[in-house]
Amino acid sequence: MSIQEYEISNIFDIIFFLGTKLLDLRLNKLEILEELEFAGLSYLESLHLDLNQIMLVKQGAFRGLKKLIYLYLSQNNIKYLMVCINHIICFVKKIKPGCFEDLENISYLYLSHNSILEIPMAVFRPIKHLYDLQLQHNQITKWKLGYFEKDSRIRKLDLSYNNLTENSLEEHSFIGMH
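Calculation criteria
- Residues numbered from 1 in each chain as written.
- Predicted model: local features only at pLDDT ≥ 70, side-chain atom pairs only at ≥ 80, totals over all residues.
- Heavy atoms only, no water.
- Core = buried A, V, L, I, M, F, W, Y, C linked by side-chain atoms within 4.5 Å.
- Buried < 20%, exposed > 50% of the residue type's maximum accessible area, 1.4 Å probe, protein only.
- Contact = heavy atoms within 4.5 Å.
- Salt bridge = Lys/Arg side-chain N within 4 Å of Asp/Glu carboxyl O.
- Helix = DSSP H or I, 4+ residues; strand = E, 2+ residues; numbered from the N terminus.
- Pairing = 2+ DSSP bridges.
- Axes fitted to C-alpha atoms, helices over the stretch in contact; angles between N-to-C directions.

Regarding the nonpolar core
By size, the foremost hydrophobic cluster in this structure holds 42 residues, and its most contacted members are Phe38, Leu49, Phe62 and Phe124. Apart from residues no more than four positions distant in its own chain, Leu49 is found in contact with Leu25, Leu30, Leu33, Phe38, Ile54, Phe62, Leu71, Tyr72, Leu73 and Asn76.

Observations regarding the pattern of salt bridges
Where charged atoms of side chains with opposite charge meet at close range, the side chains can pair. If you walk through the whole model with that rule in mind, you get 4 salt bridges. We note a salt bridge from Glu35 to Arg63, for which the minimum N-O separation is 2.8 Å. With Glu35 in the loop between strand E2 (32-33) and strand E3 (46-48) and Arg63 in the loop between strand E4 (56-58) and strand E5 (70-72), this pair connects stretches of sequence that are 28 residues apart. Using a relative accessible area of 43% as the deciding quantity, one classes Glu35 as partly exposed. In this structure, the salt-bridge partner of Lys66 is Glu104, at a minimum N-O distance of 3.9 Å. With Lys66 in the loop between E4 and E5 and Glu104 in the loop between strand E7 (88-92) and strand E8 (108-110), this pair connects stretches of sequence that are 38 residues apart. Here the residues in one salt-bridge network are Lys66, Asp102 and Glu104, joined through shared partners.

Side note on the sheet that holds strand E9 (residues 132-134)
Strand order in the open sheet formed by 6 strands is E1-E3-E5-E8-E9-E10, with parallel pairing between adjacent strands. Looking at the sheet topology across the chains shown, the edges are occupied by strand E1 (22-24) and strand E10 (156-158). With strand direction ignored, the average angle separating the axes of adjacent strands in the sheet is 5°. Summarising the sheet, E9 and E10 pair through 3 bridges and their orientation is parallel. Opposite Gln134, over in E10, you have Asp158 as the bridge partner.

What follows is the structure, encoded as structure tokens:
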């Protein structure tokens, strides 16, 4: 299902077919991804959200998308991912654990051209089939050991055009990559 360039600003206004496998929402005006935003789309395999104005991804926005293989979030304004701690809403300028929950089958994750500052430890570990991770053109300043399991399937990682220096790369930080 392709709904490109319709100036959509609220996903709840769209009626989805339950068997949808591809949802293309590129070039719209989406700004916030709410919790359970894509509920009911359990057959979805490819989700294109690039080239929107997304600046906030709430925890659980992708919950229920267990068959999702491709997730495109490139060229947005992602700065904040919402996390609830003891019922207090916190906005943080980094990816937090839980924002990719239920996405264990993701193979291709595109987060390039955003404003991501920091990646927390083990955020990608639940994604057992991650093959290609695109993080170029962000504001990442550190890369640490332990982002991936030792038996990770990751084959392509692009960190170019971030704020990384030789001193910001932890020794052996790419262990687990082939």
